[in-house]
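For reference, the chains in residue letters:
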Amino acid sequence: MSTTAAPDRPPTLATDDALPADLTTAIDDARTPGARRRRPLALVLVAASLPMFMATLDNLVVTGALPVIARALRPSVEQLQWFVNAYTLAFATLMLVAASLGDRFGRRRVFVVGIAVFTLASVACALADTPSALIAARAVQGAGAAAIMPLSLALIADAVPRARRSLAIGIWGGVSGLGVALGPLVGGAVVEGMSWEAIFWINVPVALVAVPLVLVALRESFGRRGPIDLVGLALAGTGVFAGVWGIIRGNEDGWTSAVVLSLLAGSVLLLAAFVAWEQRVARRGGSPLVPLRLFRSRSFAVANVSGFAFSLGMFGAVFLLIQYFQIAEGLSPLEAGIRTLPWTAAPMLVAPVAGMLAPRLGIRTLLVTGLTLQTLALAWLAIVSSGATYAQLVPAFVLAGIGMGLTFAPSATAVLVDMDESDNATASSTNSTLREVGVALGVAVLVAVFQAAGGALTPDLFTAGLPAALWVGAASVGVGAVAATFLPRRSARPTA
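In short, a report on the structure.

**A closer look at the overall build of the chain**
- Check the secondary structure of the chain and you find 19 helices and two strands.
- Once local pairs closer than 6 in sequence are excluded, the contacts in the chain between residues at least 24 apart make up 84%.
- About 18500 Å² of surface is accessible on the chain, with carbon and sulfur atoms providing 68% of the total.

Structure follows, in structure tokens:
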């Protein structure tokens, strides 16, 4: 990671202490080529965030609709997990490639291609009539989303003056929170009022609006250019896939079976080979898929550790809790979506505020607080989940929602705070990759714990395995909270 800014850029404090907004804006406007042609902030945010909102909304819409899809397609429990994991693994595996392609051929261009791929795959999902067809279409959807999420943040970082970047990232995080908030609700309403296929068809009109908006509002930008690290991609992708598949097969085949042990051992070896290969590519002056030099920034390294632990624990728990209302409580998808609103609506409200407070309070304070609240919320749910009334769940939902809102924007800020402009897309995609791998592992690990504790996707057995899984989720998020305490109090970009 290069800790030296361009020679003509003055020192900039990006978290606790910042230059006065008018002075910093003037410096950025004077130093940034084409700054006078900047589009209005609101237009930039809408153009960059709408596709990201579509991808975020879609993933949670599918999670909320799983019981209905299961009744229609009759998948196995393993296939049900792959409806989620096929998306997240393709998403995680290809984000770094998408960032490299964006740096080389233009971030806006690759962003638009990602929207198109995501939309066409959504159509394929809607037309799927077997579990295998839906899993394959979801994987292609994840490939399209891989170009949306990291490049969305990189395009915002490029288009917004540094003095307004924390605010912009906060609003971006709020839009992501809006996708979290509306996912179960929209999914429930669409599934109940129309059909499960409609949750994919709604992406088509959104894309028809988003693509022209992106072309008008966002300028093209480039980063460091180099050849795609195909060997690194193969090692990382197969390593993560083998690990997730081994965890999913653990309960069914036995944790000491030859198949499961081979998959888990192979995953460790492949990921170790990936790290060694990336170091070799960097030493030879090549273009590694994950530039390990970025992890020399303490802010970047800690943000990735806490983000991975948060995603594993929280979204693994979300996968099970969304099923809880429909399977254990017998509610419709819409009723289940409404009951999750105390949790899912909070990030939409809190994330923009967290983005604005980050320069004053510091990202460490916000992240530690947010992750601690989520740890307490999952522990609360683990205690009361067996036979709890809805009123007993609401306080934990509110805590979890506020905690997630305090996590999204500060985490994104921590990832980019020490990065050179040319590294924004790579840094963002590395972080997004690790978080999505956390989501996939979280679903696999918590479902494995759920099943090992006697749980099953039936009304009479669902609550038997839920507490154990939630305790594992709480422990993982707690690790993220502890890691966040190691964030630097202040992040600066010194001059040469």
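Here the narrative resumes, following the displayed structure.
**Observations concerning a nonpolar patch on the surface**
- Together, Leu-167, Val-353, Met-356, Leu-357 and Leu-361 give the surface a local cluster of nonpolar side chains, amounting to about 390 Å² of exposed area.
- Looking at which element gives the most residues to the nonpolar patch, the answer is helix α15 (residues 346–361), with four residues.
- If you trace the backbone, Met-356 turns up in helix α15.
- Since its relative accessible area comes to 47%, Met-356 is described here as partly exposed.

**Remarks on the pattern of salt bridges**
- This structure, assessed with the given rule, holds two salt bridges.
- A salt bridge links Arg-107 to Asp-103; the shortest N-O distance between them is 3.1 Å. Each member of the pair, Arg-107 as well as Asp-103, carries the same accessibility label: buried.
- Arg-109 is the salt-bridge partner of Glu-220, the closest N and O atoms lying 4.0 Å from each other. Taken together, the residues span a long stretch of sequence, with Glu-220 in the loop between α9 (203–217) and α10 (230–253) and Arg-109 in helix α4 (residues 107–127) at a distance of 111 residues.
- According to the relative accessible area criterion, Glu-220 is partly exposed, its value standing at 24%.

**Here we look at the nonpolar core**
- Ranked by internal contacts, the top residues of the largest apolar core, which has 140 residues, are Leu-134, Val-244, Trp-343 and Leu-381.
- It is helix α2 (residues 41–73) that contributes the most residues to this core, 17 residues altogether.
- Every residue in contact with Val-244, bar those within four places of it in the chain, is listed here: Trp-82, Asn-85, Leu-89, Ala-440, Leu-441 and Ala-444.
- Judged by nonpolar contacts, the second largest core, of eight residues, contains Leu-233, Phe-274, Leu-289 and Val-290.

About the thresholds
- Residues numbered from 1 in each chain as written.
- Predicted model: local features only at pLDDT ≥ 70, side-chain atom pairs only at ≥ 80, totals over all residues.
- Heavy atoms only, no water.
- Helix = DSSP H or I, 4+ residues; strand = E, 2+ residues; numbered from the N terminus.
- Contact = heavy atoms within 4.5 Å.
- Areas by Shrake-Rupley, 256 points an atom, 1.4 Å probe, with all protein chains shown as cover.
- Patch = residues over 30% accessible without salt bridge, like charges linked within 9 Å, V, L, I, M, F, W, Y side chains within 5 Å.
- Salt bridge = Lys/Arg side-chain N within 4 Å of Asp/Glu carboxyl O.
- Buried < 20%, exposed > 50% of the residue type's maximum accessible area, 1.4 Å probe, protein only.
- Core = buried A, V, L, I, M, F, W, Y, C linked by side-chain atoms within 4.5 Å.

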